[in-house]
Each structure stands twice: as structure tokens, then as C-alpha cells.
Number of protein chains: 2
Amino acid sequence: MKSDRISARQFQADGSFAGRLQKLVREVVVPYQYGILNDSVSGAEKSHAVENIRLAARKNTGEDVPPEAFYGMIFQDSDVAKWIEAAAYTLIATGRDEALESEVDGIVDLYAASQHEDGYVNSYFTVKAPGREWTNLREAHELYCGGHMIEAAAAYYEATGKRKLLDVMCRFADCAYDEFMHRNTRGVPGHPEIELALMKLSRATGEKRYAALAKHFIDQRGQAPNYFVEEEKGRGWNVWQGSAELDTDYTQSTLPVREQKDAVGHAVRAVYLYTGMADVAKETGDETLLSACRALWESITRRRMYVTGGIGSTGIGEAFTVDYHLPNDTVYAETCASIGLMFFAKKMLENEHRGEYGDVMERAFYNTVLAGMQLDGTKFFYVNPLEVVPGISGVAVTHRDDLPERPGWYACACCPPNVARCVASLGVYAYSENETTLFADLFVGGTVETKKGLSLCCETQFPHGGAVKYTVSGAGEMTFAVRIPAWSKKAALNVNGEAVDLATAVKDGYAYLTRDWRDGDKVELSLDMAPRFVYADPKVAADSGKAAVQMGALVYCAEGADNGEVLPLSVDTSVPPQALPFDAALLGGVVPVEARGFRAEPAAALYSDEPPKQTPCAIRMIPYYAWANRGLHEMRVWLPAR
Amino acid sequence: MKSDRISARQFQADGSFAGRLQKLVREVVVPYQYGILNDSVSGAEKSHAVENIRLAARKNTGEDVPPEAFYGMIFQDSDVAKWIEAAAYTLIATGRDEALESEVDGIVDLYAASQHEDGYVNSYFTVKAPGREWTNLREAHELYCGGHMIEAAAAYYEATGKRKLLDVMCRFADCAYDEFMHRNTRGVPGHPEIELALMKLSRATGEKRYAALAKHFIDQRGQAPNYFVEEEKGRGWNVWQGSAELDTDYTQSTLPVREQKDAVGHAVRAVYLYTGMADVAKETGDETLLSACRALWESITRRRMYVTGGIGSTGIGEAFTVDYHLPNDTVYAETCASIGLMFFAKKMLENEHRGEYGDVMERAFYNTVLAGMQLDGTKFFYVNPLEVVPGISGVAVTHRDDLPERPGWYACACCPPNVARCVASLGVYAYSENETTLFADLFVGGTVETKKGLSLCCETQFPHGGAVKYTVSGAGEMTFAVRIPAWSKKAALNVNGEAVDLATAVKDGYAYLTRDWRDGDKVELSLDMAPRFVYADPKVAADSGKAAVQMGALVYCAEGADNGEVLPLSVDTSVPPQALPFDAALLGGVVPVEARGFRAEPAAALYSDEPPKQTPCAIRMIPYYAWANRGLHEMRVWLPAR
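The structure presented is a predicted model; accordingly, all values stated were derived computationally and were not measured.

**Let's talk about empty space enclosed by the protein**
All names here are of chain B.
No. 1: For the structure shown, the criterion picks out six cavities of 30 Å³ or more.
No. 2: As for the largest cavity, its lining consists of 17 residues, of which Arg 5, Glu 151, Lys 200, Phe 343 and Tyr 429 are closest to the centre.
No. 3: When residues of the lining of the largest cavity are traced back to their parent elements, those giving at least two are helix H3 (76–93), helix H8 (194–205), helix H11 (267–284), helix H13 (335–351), helix H15 (415–424) and helix H16 (426–430).
No. 4: Considering each element in turn, the lining of the largest cavity owes the most residues, four residues, to H13.
No. 5: Taken as a whole, the second largest cavity spans an internal volume of roughly 80 Å³.
No. 6: What lines the second largest cavity is a set of 13 residues, among which Ala 8, Phe 11, Gln 22, Ala 424 and Gly 427 lie closest to the centre.
No. 7: Of all the secondary structure elements, the ones that give two or more residues to the lining of the second largest cavity are strand S2 (11–13), H3 and H16.

Printed below as a string of C-alpha cells:
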């Protein structure tokens, strides 16, 4: 059964977990990142992103701006776009705010002024490489930046009703339509993103041509001869040295998308592409395309995904590698990739509501995505390792990407604003709906309005508690479908105190409640929050003989701040881990978990014949998302099991 | 107590383990590699090494040879040098052989003809880059190739008494002496090797200047400002693209050698350098230099060495990384590096006889060095992983170096001839001597002649058996010092049937027997060959919660050929592993070991809450050196312990 994303305006978080995160995004992250983008935060990596757009606007109006005035990545514009999108969702989530709107409007004015007459807009090409537009789709990120700005435009329009950026981006999309539907009809983007953005733009404007262009890009991708190989011939310039060695897997262009079975290449590109594919499949009813999406979903979630919902096993190409290769210490698991995995999961849900899509979306959000941001909202992880050892992580040449602490900002700053926009729009991921049904895909405290006029208020301490209570306002017939996570071994659901028989109510991971709802009706879901050990398929060499701990959706880790040295620890899996009382003062409020285990005594030599003496001990664990907030420590998600 | 290397001519192996290996080297490896070097083996990677020298000789005599006629690595000459050295030791080990000598003589004639008037000789510079000699010491390997050819010359002279190559290399060394003692006095080799070679040349010729040049190179290394940084300024050419990023650790030149405490950079370069340092320390009595050697020895063997005696934790720079970073699957552990570790150990023994040097030399030889060569002598590992998974090893971009099977030859073919020369000259590593004492550093079946006229015949099945019997021929006073390996928990030693009290006889890992020996005297050593579990320091993240198995000096591994899937296996360390009967038909004759353990049943999902069902099973293990001789399989040295 298909469904649609709700409008961000239909959801309002309360003061519980997600609401507090959104408040943090409004009060700290959005202003901090605005400062970064405007180069007014001292000590942070230079961004220059807004200045690039200002320079482009000046050049566009005839001023003399030297090419070398551009600074930063070729996709620097996208940082601004993601920030606008985050700001837009923040205006919905935490209320209209003139000061913030005026900041956004200021950037929108600059951006609009930088748009060429034909609708093309990109500060890199305007300032630094005029005349080279559209000639290096593989590397140059024009369609990627445009896609992000389209998403920003749609969000800002949704938040404020202001059309200026939306109109700018429609003109950009029209320009791209002309280029790729009429002139360069084989051209496809090196970094997918425009596809999912065009689908959003099509919905925001009602203009079918944008969806058609999205479908066109998807249909063209991977057709022989490979566009990127052809494009490069005789071009005479590349963005990055050595890019002459063209790996078509990196851009998911080795095969036509309908023939792709394995998730390969750059992980963010992959999931952005798959999201666009799933969206086009939904709109067109293209079963072949949906089948490819299902195969790629299985490739990721059954063979190439970390227990934290991280994806991308190596920093070499920020990429997937091969089945079951999931090293914990030299992982990539980019924050953006898990955000993209949420997009993909959400679009698969909109195609067909199956619990596994929601389960993975939840896994990615509550673990890798949230771990991407320091609890105070000022520092970010790009890479999310599942094991760090100070002195090795971030130090050894093999571990340069796998930092043991979050740095302030990155030269390539894709992740921080991505987390911000994801958190600010969490309601959109929490619910979907169609003519008959409201789906609760995530458990997020707050109120959702349905298009039918009913509203549901969700009260929960999730992810720290397993009681989820929905109270209906208004009345009318509707199906309410709530996900029963696969991790909840026992679950109880009742409506107005009457137990629902889950054996009959649940289909594909969702419990369906169809009623003529009355004002004040209550739906209560109780999930099994007993901490539990989790085991990886033994094919995962890095995890064989080990166990991880989960409580509900949260993956836990053992960190040095609680345990001293972590590497000598092993868990006793014969004793179930125990939840300790919720500790409001710890890491913004978490439920610590205690496992029983052993600590190996320090060794006398690098290799000994004597087994290290094992002393029984308690192992204190915290949610993975909260790691690296207390200084430099060893950390492990997977512990040897004995 | 200092000692010297014996001459290779003083030792003759019998038909046991080492003797059979030497026979294989003579009958298969040396002829096969001769074919490779002369490009007459079909299907193997092109070498062109001999042809390069032929071209250099032609050019040197005035013929027109185009630069592009050179083919291969800049250090291609060194493959020829190592082959000559292997051939030379083979002539000692398995007997004079006119056909082989004539092959060597043919190459020596070419090489001599390629020597410039000033003594300089190198086919790359002669053919491809004349005029650039000595201008890129960091990359250009002239001193490295020269060093290897000096070693070859000394060995061939030792084997045959023929001086032609020795004279050529004396002229080369004289040329280098002039260049580096008088003109470019700050210049040092990018790849150490010439230092240890000059020490050999000095001993072979009695010419002190060569030892002085070795000392000079060692003293100059790492002095500020860094020579390689200075050298590069304005040179305008590099051998390898991107080499502009100069990592001084890579060449062990960040600090003066006496201040170096950590083994860093390219592992082969490191141990070749340390060997030269230890040799100069021995000759000069330089305690500061010896102290640095001890610190570097500890850095390697206590914090940066695999249980197999492999060194170099990453393929990035073929290098050491940081303390306790010893990944099993993305390891480098180059065969040549373990050979170099044997050199270093041997030179440390010559400085001071301590058992740990012999223990490590033995560990490196019987595990990583031997694993470098297929049992049939025709294929070689450059990289020696401790864990392979077909489909990942050699396939994933992170595992490109870590092949699951030995290829035939390499474009960079340093390892195969290095194994050959090491095996052919094993007697040199097995014994050292001084005025009073003969030291038995390794247990190798065969007869050693002492300089005093006594000889000892060693009979043993080592490494597959722990009984070692020495029979004396001749008579006279002498101390016989035999290493008691640290791995042997129980050891018994008797002379003519009378037990020796090891508590008083053993000092620093050697049992000293001082007597007036009579013809027919017998020394019998019995070592503890009970298979045992070995545990790594928990600081080694890759091995925490795991155990390996050793029997005597041999590290064992579990391989798919015996066990099917290996990743689901864990060992029960409460039950000691058992040696099975020696199986002459298995892998050239080995003692298989059986451990008790468990096999995890196939998993239903990538991550499950249910622990995988563990079925008790026997785990069959083979010596690590013999792995990958039965097709493509999973293999693990370290198994999860429960």
C-alpha cells in the first residue's frame, strides 16, 4: 500500500527526545553553522560558502571578480543549501522567527542575484570556471548543488510560503531540463541527488516535467557506452588529480539501474540514487525499478550495513566494499550516508509499508546519524567508527579518517548541515499517510495532524523508554498503522485499554487499527526494552566471537570514560545485560546498561603462552550515539563474548 | 659476548627439513627464477632484468640503446643480484655445479661490461636516465642495487673463489666512497641496504674504507636539515608521481639514528638499516649505536610484530604504523621484511648472545619467511596475511595486497629471490662463533665445522620434532652454546647421557657447555613440543578475546581445506590442543594439530538477538608456513576463544 510523506507542517514535537534535539538545532546548530558559512566562527575551518555566492552575484551583475576568489570545494554551495533546508524545517519545528528568516532571505537574495539568465546557478562555475558548465558531470557537482538547493527551496516554501527561492530553482530545473532532455540527452549526474530533489520540486509545484527529468536521469544512468568515460574524452580538465582512473562503480554507473543488484561505490551517492529510484518507481508504478530497489535494499541491509545503521566500509572512495566486509575500526560509515539510508528507507515505505524499512530507518537515525553530532550541537563526526583506540584511531595512516573525537568543522562539510536538516524534519520520517491510513514509522513525542482532520498526540520517552501512548483529537474513520519493531520480542498494544491481538493485527511489521475514532481515544503500545545481546552473522569476520548490546533501537557501546581500558573487556553472554535507572544528568539523559563480563589483566609480553588472567567485572555501557562526549577514550561496540 | 657469522662453507645441511628446502631451491627455485629474470617463463609477469643489464652493457660500449628500452622497476637490477646470491649459496649448500656457475658467470660478464669507467654501475641510469646518477638518492635505489650486488659478489666469492664480480663491486664501492666521503658528504641512501653490504664487503676484502663508508651513511642519516628534502629542491624530476609529499619516517630519516626509538616507515628499509647499524656498532664498539638498536628491537618485537614474525601493519608505504596496531586481514608483513628481521636479529646476536634474538629469528623464518614460498617453490607471497576470506581478501579495495593465494611473480619481485638466498644460506643464521664459543642459534639438521677444527653433526626433525642431537667429530676445548627457546617450557639437555643442570648452565637464553670435547661426544637437547595456545596483549585490538596455536616455533592456522568455513569456528582454550601423528603425505610432511572448539551455525540474519547455536567440533590446524597450498580457502591464525 503506497503512502506519502506528510508535510513537515503536520507535525509538532513536544519537549521529549526529538523536541529537545530540534531545540538544540534551532538554538545552537543553525546559528553556529550560519556563523561558519559566513566565516564568523573563530578557530573553525574556513568555509567561504556564502562569500562564494556573493562573489557569484557580483560577477553576474558585471563586476570584475577574479577566478581565484572562489574558495572551497566545488560543491561548496550545497553546504548553504543544506543549511537553508535545516533553517526552513526549524522554522516549522520551533516556530517562525523573523531573525532567522531574514538570514535565509539575505542568502536567497544573493543566490537569486547569482543566477544566469538561462537559469543556471552555481558559484563555482560562475566565479572560477565560467564556460565549463555541464562539461564534467562526473565530478563537478552542479546537479548535486542544484538538487540540494531545490530541496532547500521546497522546504523554505513549505515553512514560509515564500516563493523566491522556489522560483529560482524552477528556473534552474527548467535550464537543466533543456540541457538534458534536448541537448545532452545522455548526461547524468556524477553525484546523484537531483533525482530525489526534482521529485520534491515536482510535488511542490505540480509540474510534471521535473519528475520526467528525474526519471530520465535514472533511465539514462549506466547505459552503454558509459557517459562518464565518453564525457572525459578530450575534455582536458579534471577537478581532482588522478581522477583519470575512472571507477564506474564509484558513481553507480556500471550497469543500468534496473540491472544493479549490489550496493556499490560511494555510499552517499548510492543511497541518494536509490532514493530517487524508489521515488520514481512509486510515481510511475514501475515494478522493474522497484524490484531493483528491493535488491539494492537487501544488498545493503542484509550484507553491507553496520549494526549502527552505518554504511560504507572504507574511506577509499567513501564506499561500499564487498559483502560481509564490515571492519569496526577502519570503517567509514559517513553520517550523510546513514541520512541517505533513512531517505531510501522512507521512500521504500512510501512504496510498500514493511516493518524492515522502518526498522532500518530507526537504526540509522538513533545510532549513526545522532552520533554524527556532539551532544552540545557544535561538533560533528563525518566518519562513525564502531571501535576506537586512542593512539591508533585518527593517528595510524590506516585510520586517518576514523577520529576518536569530533572536530569542529570540515573542509568538506557535508555532514553537519545534513544532520541539522534531518533532525529538524524528523516528523516527516515519523509518519506517512494515504487516503485511508496514517502510518507511525518512528516513535517521536509530539502531535501529528492528519489530512483528514484528526490529530494524534504521541507521548513517549523513546528511545529511552518503550511506552508509546497516542491520544486522538477529533473524530472520524481512519486506519492507524503503527510499526511493531522487529527488535521488540514482546509487544503489547491496546486501544482504550482493550488489548489488540497482534497476531491478527500485524501485517509486515505494522499493526493496523481501523476504527471510527473518537476524540480522546487512546492507543497504547508497549515495547520490549530489555537490553539484549546481538550477534553478527559469523561471515562478518570483524565480529565473529563477539556480541554487541542493544536496548530497543539503541546500540550501546563500552567507553573508557565508564570503564577505563576497554580492549581487555569481554562480555559474559550467559547473563543478560541490565538496564540501570534513567540518568538525567548523564549525556543529556540516558539509560546506562550494565553487562557482566571479564577484564583481562595487563599482559607481560606481546604474546604469551599463559592466558591473561580474567577478573569478573561489570561493564558499563552507554548509547552509541552519545559516545565521544567525555574526552578521548577507547570505545567498542562489539566486545569479545565468552 | 660478541661473535661472528660463520662462513656458509662451514655448514652442510642433511636431508631433513632445511636440507630439503635447499634442494628445492636448487632444483626448482633457482632455475625458475633464472628463467623469469631472462623472460623465458611463459605466463609470468615480465621481468626484463637480465636484458636491462645486457642493454646497459651495449650502451656502455658505445651502442645506441634508446632510453625506453629499459623495462621494469628502477631497482630491477636487485632481482638479479639476489638471484646471484641465492645461486652462490646454493653452490655451497648443494654442491658446485658447472651449469649454474656458467649462468652466473654469464650475467657477471654482462654486468661487468655495463660498469662505467668510474666504477658506477646501474642499468636504469645507464640506459634510461644517464646524467641523473646520484641526484635522487631517496627514490632511485642505486645504492640499494649496488648493495645487493655487493652481497651477491661476496657470496659468489665465498662459494667459488671467483673474484670478477667482487672486483666490479669494489670499484663500485670505491666510486661511492669518492662520491659520498668527498663530494656529496650529506647524501644517504633512500633505501638502506648498502650499509650492511659494505660491512660484508669490508670483511670479504679486508678493506676498512668500506666499513668506514657504511658508518658514514649511518652517522649522516637523519641529520638536520633532512637530506632528502634538500636534495629534492630544484631537482625537477621524481621517480614516482606524488612523491613530492616527503614522509621522512618512510626512509627512517626523521631523526639521527642514535635518537630513533620507534621502528617507523617502510619495514624492509627499517630492518635493513637496523642491521647495518648493529653491524657498525659491533665493529666499532659504539655503545650509543647499540643502545639505539636495542630500543628499535624492542619497538619491533614488543609492540609492532605479528605472532608469525611478520612486520609492517599496512600496505600504505609497506610500513610500520603505531604500537599494537596489528590487523590480521589488512596486514602487510612483507616476506622481505621478515627476512630483514632475521638479518637484524642475527646482527644483534653477534653483538650479544641473548635468546630473544634467536627466538625472533626463528619465529620469522619458520612462519612468515617460509610462508612466502609455495611448497613447490614456484609461487610466492609478498604479503603474508594472518586471516583471509575469499571474496574479501585480494578483492575489496582495502585488501588488494592481501591475496588469498600466491601469484606466480610480481612486477616488484623483491621477495622471491630473497627467500631463495635466505634458505640457501640458512647455515649462516643457524650458527655463530668466536674465539671460544660455537653458538647454535637455530636447530638445523646438518654438520657445522668450527674454525677450531671440531665439527658438530646435528640430527633433528625440527621444526616438526623437539629432539636435537649433536655429535662431535674431532677433539679440543670449546664452549658450545645452544639456544633454549623461550617457548619451550620444559627443556632437557644432556651430554653423553648426563643431565645438564639448566638452572646453572643457561644464561640469557643460551645453555653454555664448556668442555674438552672428544670425538663422538653427544649433546642431546629435548624441547617441549606440546602444542599450546598463545594469547596476544589485549592492547592488540585485532586479537583481543582470541587465541592462536603454536607448536614449538611453528605458528598454526585453521584453513578451509581441513575445516570448511573457518569464520564460524571458535576454540575451547580449556582443552589443550593435541598434536596428531606426523603426516609425511600432508603438505610436504607436517604435524597437524587438533584443537577442540565450536562451530557457529549459519545465521538467519546479518544481526540476530539469538546467539548462534554452537556445535562442539574438532578444529584441524596446520603450520602457517604451509597455508594456501590447497586452493582458495578461508584461513585464520587467531580464533575467537571461548
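Following the structure, the description resumes.
**So, the interface of chain B and chain A**
No. 1: Each side of the interface is counted separately: chain B has 56 residues, and chain A has 56 residues.
No. 2: Taking both sides of the interface into account, the surface hidden between chain B and chain A amounts to around 4200 Å²; carbon and sulfur atoms contribute 63%.
No. 3: Where chain B touches chain A, the interface holds four salt bridges.
No. 4: For Lys 489 of chain B, the salt bridge identified is with Glu 610 of chain A, shortest N-O distance 3.9 Å.
No. 5: The interface formed by chain B and chain A contains 14 residue pairs in polar contact (both at pLDDT 80 or more).
No. 6: Looking at the side of chain B that touches chain A, the elements with two or more residues in it are helix H12 (287–303), strand S15 (532–536) and strand S21 (607–608) of chain B.
No. 7: In terms of residue count, S15 of chain B provides more of the side of chain B that touches chain A than any other element does, five residues in total.
No. 8: Looking at the side of chain B that touches chain A, its residues break down into 31 nonpolar, eleven polar and 14 charged.

**Regarding the sheet that holds strand S12 (residues 506–507) of chain A**
Sheets are built from strands paired through backbone hydrogen bonds, the pairs being either parallel or antiparallel.
All names here are of chain A.
No. 1: Strands sit in the order S1-S4-S5-S9-S13-S12 across an open sheet of six strands; the sheet is mixed. Of all the strands in the sheet, just strand S1 (4–5) and S12 have a single pairing partner and so form its edges.
No. 2: Where S12 lies against strand S13 (residues 510–517), two bridges are found, and the strand directions are antiparallel. The residue bridging Lys 507 from the neighbouring strand is Tyr 510, located in S13.

The rules behind these values
- Counting of residues starts from 1 at the beginning of each chain's written sequence and follows it residue by residue.
- Working convention: letters from A go to chains and numbers from 1 go to ligands, in the order in which they are written.
- Restriction of local features to residues with pLDDT of at least 70 applies here, the model being predicted, together with a cutoff of 80 or more for giving and counting side-chain atom pairs; totals for whole chains, interfaces and linings are based on all residues.
- With hydrogens and water set aside, each side-chain value is computed from the structure's full complement of heavy atoms.
- Using a grid of 1 Å spacing that covers the protein atoms alone, one calls a set of points a cavity when a 1.4 Å probe fits there but cannot get out, and a pocket when the set is open and has protein on both sides within 12 Å along at least five of seven lines; lining residues are those with an atom within 4 Å of a point.
- Grid points are joined across faces, edges and corners, and a volume is the space filled by probe spheres set on the points.
- A run of H or I in DSSP becomes a helix once it reaches four residues, and a run of E becomes a strand once it reaches two; helices and strands are each numbered from the N terminus.
- Any two residues whose heavy atoms approach within 4.5 Å are treated as being in contact.
- As a working definition, buried area equals the accessible area (1.4 Å probe) given up by two parts on being put together, with both sides summed.
- Counted as salt bridges are all cases of a side-chain nitrogen of Lys or Arg within 4 Å of a carboxyl oxygen of Asp or Glu.
- In the analysis that follows, any N or O atom pair within 3.5 Å is treated as a polar contact, provided that within protein one partner can donate a hydrogen and the other can accept it, and provided that, for residues neighboring in sequence, both atoms belong to side chains.
- Only Asp, Glu, Lys and Arg are considered charged, only Ala, Val, Leu, Ile, Met, Phe, Trp, Tyr, Cys and Pro nonpolar, and every remaining residue, Gly among them, polar.
- Note: two strands are recorded as paired if DSSP finds a minimum of 2 bridges between them.

It is worth stressing that arrangement in space is one thing and function is another; only the former is reported here.
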